[in-house]
Amino acid sequence: MSDRIRVLVVDDEPLARAGVIDLLERDADLEVVGEAANGEEAVELIAALNPDLVMLDVQMPGLNGFDVLRRVGPDRMPAVVFVTAYDQFAVRAFDVNAVDYLLKPFDDDRFALTVTRAKKAVRSVHAGELSRRLADLLEKTGTPPAPAPPPARPSEYADRLVVKSSGRVFFLRSEEVDWIEAADYYVKLHALGKMHLLRETMNALESRLDPRRFFRVHRSAIVNLDRIRELQPYFRGEHVLILQDGTRLKLSRARRDKLESILQARL
């Protein structure tokens, strides 16, 4: 093994992959040797690149993270850090201590701790021991989990969002959010006349928000339905939403009918 630890990043969300790669590349001990957008690519790249460590998303369409382990086989699988948005999968990984897990959304401190543990594991744990841990994990998981959990019940949607700013941690009620904007691996929460950054992907955050209150108007924006003041025609069949504070947001043509149906049902 070379002095630098060779890492493969596997995640079906491009922004999530880019965010993890950016953090990994800040560590001089690590070398990102490839990235995979799905389980099939992960299996191929593990065989081709022979990485020392794989940052492996659990929930992916097609082959999920556990399927990748089965396909490669625990005896040929590198050390693994599981990345997941759902505690049930993170607990499985943590219980068997395959190496570690990252629960989305994670902050820089948690990522740094995980990387430290991963580097120690790769450099000190024998390959046979890692294989045994992965085999134990596969035995405990039984039937592979679904690519995504069923929709949350209303009571399971996030009532509060945890925001970190200037060393402070505070809670923002989801109903206080006017709209949400994509910003690379972060999202921008526009609420109460201020903007807050949250390290989370749009897809992950959208899955935690109550669809009776929030609607994704296009790829890069989610809006609080209670904040919509007006819907105006724009250009070639497109529309613009005007919020109560005057913010103007483009409405995807493909989502217009669904939004109009939701708003009509709320009358």
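Residues numbered from 1 in each chain as written. Predicted model: local features only at pLDDT ≥ 70, side-chain atom pairs only at ≥ 80, totals over all residues. Heavy atoms only, no water.

Visitor: Explain the overall build of the protein chain to me, please; I cannot follow it from the model alone.
Guide: Broken down by element type, the protein chain carries eight helices and 15 strands. Counting all 267 residues of the protein chain, 46% fall into the buried class. Contacts in the protein chain between residues far apart in sequence, at least 24 positions, make up 54% of those at least 6 positions apart. With an accessible surface of roughly 13900 Å², the protein chain has 49% of that area assigned to carbon and sulfur atoms. (Helix = DSSP H or I, 4+ residues; strand = E, 2+ residues; numbered from the N terminus. Buried < 20%, exposed > 50% of the residue type's maximum accessible area, 1.4 Å probe, protein only. Contact = heavy atoms within 4.5 Å. Areas by Shrake-Rupley, 256 points an atom, 1.4 Å probe, with all protein chains shown as cover.)

Visitor: Sorry if this is basic, but what is going on with the packing of helix α1 (residues 14-24) against helix α5 (residues 108-124) here?
Guide: Running from amino to carboxyl end, α1 crosses α5 at an angle of 65 degrees, the nearest separation of the two axes being 11 Å. Taken together, the axis directions place α1 and α5 in an arrangement best described as roughly perpendicular. The element α1 and its partner α5 pack so that their crossing is right-handed. Listed contacts from α5 to Val20, Leu23 and Leu24 of α1 are Asp108, Phe111 and Val115. Classifying every residue of the contact of α1 with α5 by side-chain character gives five nonpolar, no polar and one charged. (Axes fitted to C-alpha atoms, helices over the stretch in contact; angles between N-to-C directions. Parallel < 35°, antiparallel > 145°, perpendicular 65-115°, else oblique. Left-handed = near helix turned anticlockwise from the far one by under 90°. Nonpolar A, V, L, I, M, F, W, Y, C, P; charged D, E, K, R; others polar.)

Visitor: Where do I start with the packing of aromatic side chains in this structure?
Guide: Any two aromatic rings considered together are summarised by their centre-to-centre distance and by the angle between their planes. By the definition in use, this model includes one aromatic pair. A centroid spacing of 5.7 Å and a plane angle of 25 degrees characterise the contact between Phe66 and Phe82, whose relative ring orientation is stacked. Of this pair, Phe66 sits in helix α3 (residues 65-72) while Phe82 sits in strand β4 (residues 79-84); the two residues are 16 residues apart in sequence, bridging distant segments of the chain. For Phe66, a relative accessible area of 0% corresponds to the buried category. Since its relative accessible area comes to 0%, Phe82 is described here as buried. Over the ring of Phe171 we find Arg160; its NZ or CZ atom is 4.1 Å from the centre of that ring. (Phe/Tyr/Trp six-rings, centres within 6.5 Å; stacked < 30°, edge-to-face > 60°. Lys NZ or Arg CZ within 6 Å of the ring centre and 35° of its normal.)

Visitor: Would you mind going over the sheet that holds strand β13 (residues 228-233) with me for this structure?
Guide: Strands pair in a sheet through their backbones, by hydrogen bonds, and they do so in one of two ways: parallel or antiparallel. Read across the sheet, three strands follow the order β13-β14-β15 without closing on themselves; strand pairing throughout is antiparallel. With one partner strand each, in any of the chains shown, β13 and β15 (248-251) form the two edges of the open sheet. Taken over all neighbouring pairs, the strand axes of this sheet differ in orientation by 25 degrees on average, direction set aside. Bridging between strand β14 (residues 239-243) and β15 involves four bridges; their strand directions are antiparallel. The residue of β15 that forms the bridge with His239 is Leu251. Contacts from helix α8 (residues 253-266) reach β13, β14 and β15 within the one sheet, and its direction differs from that of β15 by about 110 degrees. (Pairing = 2+ DSSP bridges.)

Visitor: So what exactly am I meant to see when it comes to the environment of Val177 here?
Guide: Locating Val177 in the fold gives a position in strand β8 (residues 177-183). A relative accessible area of 0% places Val177 in the buried class. For the pair formed by Val177 and Asn224, sequence separation is 47 residues and the distance between their alpha carbons is 6.7 Å. Aside from chain neighbours lying at most four places away, what touches Val177 is Leu161, Leu172, His190, Ala191, Phe214, Asn224 and Arg227.

Visitor: What is the right way to look at the pairing of strand β12 (residues 221-224) in this model?
Guide: Burial along β12 is two-sided: the face carrying Ala221 and Val223 and the face carrying Ile222 and Asn224 are both buried. Summarising the sheet, β8 and β12 pair through three bridges and their orientation is antiparallel. In the strand pairing of β12, Trp179 is matched with Val223. Strand direction decides the pairing type here: strand β11 (residues 214-218) and β12, joined by four bridges, are antiparallel. Following the sheet pairing, His218 is matched in β12 by Ala221. The antiparallel pairing of β11 with β12 creates a hairpin that spans two residues between the two strands.

Visitor: Help me out: how do you make sense of the environment of Asp3 in this one?
Guide: Following the sequence through the fold, Asp3 ends up in the segment before β1 (5-10). Residue Asp3 is classed as exposed on the basis of its relative accessible area of 72%. The spacing of Asp3 and Arg123 is 120 residues in sequence and 9.7 Å in space, taken between C-alpha atoms. Those residues in contact with Asp3 that lie beyond four places of it in its chain are Asp29 and Arg123.

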